[in-house]
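Tertiary structure, described
Here is how the chains run, residue by residue.
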Amino acid sequence: MQQFIFPMSIAQNLSSITSELPTTVTLVAVSKTKPVENLLEAYNAGQRHFGENYIQELQEKQAVLPNDIRWHFIGHLQSNKVKYIAPYVHLVHGVDSIKLLTEINKQAAKNGRVIDCLLQVYIASEESKFGLEPGEVEDVLRSQELRTLEHIKIVGLMGMASFSEDLSLIEQEFSTLEKLFLSLKDLKLANVDLTELSMGMSSDYPLAVKHGSTLVRIGSSIFGSRNH
């Protein structure tokens, strides 16, 4: 007799992943390119943190989905697009310059908010990734410019490992970011409170959690392969 294997639902995928994660780790469901119906299924299963890469797509989804969703912007944010998400974004994951922090601060002030940000650190062995060099991070945190930005808070670091099947390479990159985070997290500076370490995606999040990640960004393991 022929057996049929049915794919797990979004709710089942979420349940399976969250059951593996320590309570100290927040699951960010990466919902880029996915239809609103998929996000609602995840929402109805209890998911509240969603990550988007594209401003226009995030705008369209935020307008029609429940107000208690916490939106994470995880793409490469251009300064001229900050104004569109400043009224509601929960966390900006990929900040890699004082210039961008200054613009986020400006738009947050217009909305009477303080916007939480992560500094993106370049840890991969690929030129296509963005981010600060590890040695530049403390310079940004200690900079005079940062002290003047009262409408942003640097709450942690974010990094993306190499797109590779070499798990030893990925673990080495996560370890590098973990050590940097631990060396900086007790800094007492204006607008800085390092509590979050964002690293790990569908293919490597168990390794990221092993190395102290507090935010994992998971898309395909929840929603299936990406829609283009």
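Please read all numbers here as calculations on a predicted model, not as lab measurements. (Residues numbered from 1 in each chain as written. Predicted model: local features only at pLDDT ≥ 70, side-chain atom pairs only at ≥ 80, totals over all residues. Heavy atoms only, no water.)

What follows is about helix 3 (residues 55-64). Along helix 3, the positions that sit buried rather than exposed are Ile-55, Glu-57, Leu-58 and Lys-61. The buried residues of helix 3 all sit within an arc of 155 degrees when viewed along its axis, so they share a single face. In this structure, helix 3 carries Gln-56, Ala-63 and Val-64 as exposed residues pointing more than 90 degrees from its buried face. Those residues of helix 3 that are buried lie in contact with helix 2 (36-44), strand 2 (49-52), strand 3 (70-73) and helix 4 (82-85). (Buried < 20%, exposed > 50% of the residue type's maximum accessible area, 1.4 Å probe, protein only. Helix = DSSP H or I, 4+ residues; strand = E, 2+ residues; numbered from the N terminus. Arc of directions from axis to C-beta. Contact = heavy atoms within 4.5 Å.)

Attention now goes to the nonpolar core. One recurring pattern in soluble globular proteins is that nonpolar side chains are buried together. Counting residues in hydrophobic clusters, the biggest one holds 63 residues, and the most contacted among them are Leu-101, Ile-104, Leu-119, Leu-141 and Ile-154. The residues contacting Ile-154, other than those within four sequence positions of it, are Leu-101, Cys-117, Leu-119, Leu-141, Leu-146, Asn-191, Val-192, Asp-193 and Leu-194. In this structure, Val-28, Leu-91, Met-158 and Leu-215 belong to the second largest nonpolar core, which totals six residues. (Core = buried A, V, L, I, M, F, W, Y, C linked by side-chain atoms within 4.5 Å.)

Bringing unusual backbone geometry into the picture now. For Thr-33, which is not a glycine, the phi torsion comes out positive at approximately 70 degrees. Structurally, Thr-33 is set in the loop between strand 1 (26-30) and helix 2. Not every positive phi belongs to a glycine, and Asn-191 is a case in point at roughly 65 degrees. In this fold, Asn-191 is placed in the loop between helix 8 (167-184) and strand 7 (192-198).

The next subject is the confidence of the model for the protein chain. Taken over all residues, the pLDDT of the protein chain has a mean of 93, while the share at 70 or more is 94%. Note on residues 1-6: pLDDT under 50 across the span, and zero contacts to partners over four residues away in sequence or across chains. (pLDDT = per-residue confidence, 0-100.)

With that settled, consider the environment of Gln-172. Considering the arrangement of structural elements, one finds Gln-172 in helix 8. Overall, Gln-172 belongs to the exposed group, its relative accessible area being 54%. Between the C-alpha atom of Gln-172 and that of Ala-161, which follows or precedes it by eleven residues, the distance is 9.1 Å.

Our focus in this paragraph is the pairing of strand 3. With four bridges joining them, strand 2 and strand 3 adopt parallel strand pairing. In the sheet register, Gly-51 faces strand 3, and the bridge partner there is His-72. After leaving strand 2, the chain enters helix 3 and then returns to the sheet as strand 3, a path that is right-handed. Alignment of strand 3 against strand 4 (residues 91-95), held across two bridges, turns out to be parallel. Paired with His-72 across the strands is Leu-91, a residue of strand 4. (Pairing = 2+ DSSP bridges. Right-handed = clockwise from strand over helix to strand, strands pointing away.)

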